[in-house]
Amino acid sequence: LSSKKVPLTTLQLGCNQPTGKGLVALLKALHGDETLKHLYLNNINFDNEALTALNKMLLKNQCLEQINLSNCGLTDDSIPKIKQGLMYNNTLQVF
């Protein structure tokens, strides 16, 4: 993700079911990413640790324009865990 030779602008992981630790590691790697604009995480079940990592990534990443979280099992209990990141990210766009 940190290579500038071939910038990664789209990452589609939907339906791949990365493990909790793998998903957390990916989200941490995206904190300071400066090229990724589209991230597809649809159909991936987020545990509490992954939701926390997603929130932190959204707070720090200032490049991501679109994130797909459809069918991720987000509930009324999980939304507050990512609310801050969604509210304060200045680059995400509504589609």
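Remember, it's a predicted structure, so these values are computed and weren't measured experimentally.

Cut-offs used in this document
Residues numbered from 1 in each chain as written. Predicted model: local features only at pLDDT ≥ 70, side-chain atom pairs only at ≥ 80, totals over all residues. Heavy atoms only, no water. Pairing = 2+ DSSP bridges. Helix = DSSP H or I, 4+ residues; strand = E, 2+ residues; numbered from the N terminus. Axes fitted to C-alpha atoms, helices over the stretch in contact; angles between N-to-C directions. Parallel < 35°, antiparallel > 145°, perpendicular 65-115°, else oblique. Contact = heavy atoms within 4.5 Å. Nonpolar A, V, L, I, M, F, W, Y, C, P; charged D, E, K, R; others polar. Expected span 1.5 Å × (residues − 1). Buried < 20%, exposed > 50% of the residue type's maximum accessible area, 1.4 Å probe, protein only. Polar contact = N/O pair within 3.5 Å; in protein donor to acceptor, adjacent residues only side chain to side chain.

(A) Up close: the sheet that holds strand β2 (residues 38-40). Read from one edge of the open sheet, three strands run β1-β2-β3, paired in parallel fashion. A single partner strand is all that each edge strand has here, and the edge strands are β1 (10-12) and β3 (66-68). Here the strands of the sheet are splayed against their neighbours by 5° on average, with no regard to which way each runs.

(B) Layout of unusual backbone geometry. Even without a glycine there, the phi angle at asparagine 43 is positive, about 65°. Locating asparagine 43 in the fold gives a position in the loop between β2 and α2 (48-60).

(C) Quick peek at the packing of helix α1 (residues 20-29) against α2. At their nearest, the axes of α1 and α2 sit 9 Å apart, and the two run at 10° to each other. One way to sum up the angle between α1 and α2 is to call them roughly parallel. Residues Leu23, Val24 and Leu27 of α1 pack against Glu49, Ala50, Ala53, Leu54 and Met57 of α2. For the contact of α1 with α2, the residue count by class is seven nonpolar, no polar and one charged.

(D) A look at α2. Compared with the 18 Å implied by 1.5 Å per residue over 13 residues, the 19 Å span of α2 between its first and last C-alpha is a close match. Every buried residue of α2 is accounted for by Ala50, Leu51, Ala53, Leu54, Asn55, Met57 and Leu58. Of the surrounding secondary structure, the elements contacted by the buried residues of α2 are α1, β2, β3 and α3 (79-88). Where α2 begins, the capping side chain belongs to aspartate 47, and its oxygen is found 3.3 Å from the backbone nitrogen of glutamate 49.

Function-wise, these values are silent; they only describe arrangement.
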